[in-house]
Amino acid sequence: MKIAISSKGDTLDSEIDSHFGRCKFFAIYDSEDKSTLFVDNTAGALTEGAGPAALQLLTAQGVSKLVSGNFGVKVKTLSSDLNLQLIVMRENHTIRSIIDMLNH
């Protein structure tokens, strides 16, 4: 299963970003082979509709779970329609610590 985590940077030591649609990067963790790929969030530069555009970017990558500090109303609605699970992490965590939590 692929899980996308909104990230402030492109390393495992980067912190989770509280802004889903406007984050700098997404860490895409594959729970099957334990790999992590960082992708640039090209949707973040959009004037409007960044959340839905980011969601489209991630579904094209085969993501089925999303982890972020916050999700907008449009993303919540669309993710429900697409049967994607949203996980809200309110505390400051690194990408590495979130992956560790997901594995346990």
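About the cut-offs
Residues numbered from 1 in each chain as written. Predicted model: local features only at pLDDT ≥ 70, side-chain atom pairs only at ≥ 80, totals over all residues. Heavy atoms only, no water. 1 Å grid on protein atoms, 1.4 Å probe; cavity = no way out; pocket = protein on both sides within 12 Å on 5 of 7 lines; lining within 4 Å. Points joined across faces, edges and corners; volume = space filled by probe spheres on them. Helix = DSSP H or I, 4+ residues; strand = E, 2+ residues; numbered from the N terminus. Nonpolar A, V, L, I, M, F, W, Y, C, P; charged D, E, K, R; others polar. Pairing = 2+ DSSP bridges. Core = buried A, V, L, I, M, F, W, Y, C linked by side-chain atoms within 4.5 Å. Buried < 20%, exposed > 50% of the residue type's maximum accessible area, 1.4 Å probe, protein only. Contact = heavy atoms within 4.5 Å. Axes fitted to C-alpha atoms, helices over the stretch in contact; angles between N-to-C directions. Left-handed = near helix turned anticlockwise from the far one by under 90°. Salt bridge = Lys/Arg side-chain N within 4 Å of Asp/Glu carboxyl O.

1. Focus: the layout of surface pockets
Point 1. The computed volume of the largest pocket comes to approximately 180 Å³.
Point 2. Those elements that place two or more of their residues in the lining of the largest pocket are helix H1 (50-60) and helix H2 (73-81).
Point 3. At three residues, H1 tops the list of elements feeding residues into the lining of the largest pocket.
Point 4. Each residue belonging to the lining of the largest pocket can be placed in one class, and the counts come to five nonpolar, seven polar and three charged.

2. Details of the pairing of strand S3 (residues 35-40)
Point 1. Of the strand pairs in this sheet, strand S2 (residues 25-30) and S3 are connected by six bridges, and their pairing is antiparallel. Looking at S3, one finds that Asp 30 is bridged to Ser 35.
Point 2. In sequence, S2 turns back onto S3 through a hairpin of four residues, with Lys 34 there showing a positive phi of about 60°.

3. Considering the nonpolar core
Point 1. Membership of the largest hydrophobic core comes to 15 residues, with the highest contact counts inside it found for Phe 20, Phe 26, Leu 58, Val 63 and Leu 66.
Point 2. Secondary structure elements with two or more residues in this core: S2, H1 and strand S4 (63-68).
Point 3. Among the elements that take part in this core, H1 stands out by supplying three residues, more than any other.
Point 4. With residues up to four places along the chain from it excluded, the contact list for Leu 58 reads Ala 4, Phe 20, Phe 26, Ile 28, Val 63 and Leu 66.

4. Some words on the packing of H1 against H2
Point 1. Where H1 contacts H2, the axes come no closer than 8 Å and their chain directions differ by 35°. In this structure, H1 crosses over H2, and the sense of that crossing is right-handed. Where H1 approaches H2, its residues Gly 51, Pro 52 and Leu 55 are matched on the opposing element by Lys 74, Val 75, Leu 78 and Ser 79.
Point 2. Residues that form the contact of H1 with H2 fall into these classes: four nonpolar, two polar and one charged.

5. Concerning unusual backbone geometry
Point 1. Despite not being glycine, Lys 34 has its phi angle at roughly 60°, a positive value.
Point 2. Relative to the helices and strands, Lys 34 resides in the loop between S2 and S3.
Point 3. Residues other than glycine seldom take positive phi values, yet Asn 83 does so here, at roughly 60°.
Point 4. The topology assignment puts Asn 83 in the loop between H2 and strand S5 (85-88).

6. Remarks on the pattern of salt bridges
Point 1. Throughout the structure, instances matching the rule amount to two salt bridges.
Point 2. Glu 15 serves as the salt-bridge partner of Lys 8, at 3.6 Å between the closest nitrogen and oxygen.
Point 3. A residue is classified by how much of its surface remains accessible, and Lys 8, at 48% relative accessible area, is partly exposed.
Point 4. The exposure class assigned to Glu 15 is partly exposed, which follows from its relative accessible area of 34%.
Point 5. Among the ionic pairs, Arg 96 bridges to Asp 13, the shortest N-O distance being 3.1 Å. Remark: Asp 13 occurs in the loop between strand S1 (2-7) and S2 and Arg 96 occurs in helix H3 (residues 95-103); sequence separation between them is 83 residues.
Point 6. By relative accessible area, which is 37% here, Arg 96 ends up partly exposed.
Point 7. Residue Asp 13 is classed as exposed on the basis of its relative accessible area of 54%.

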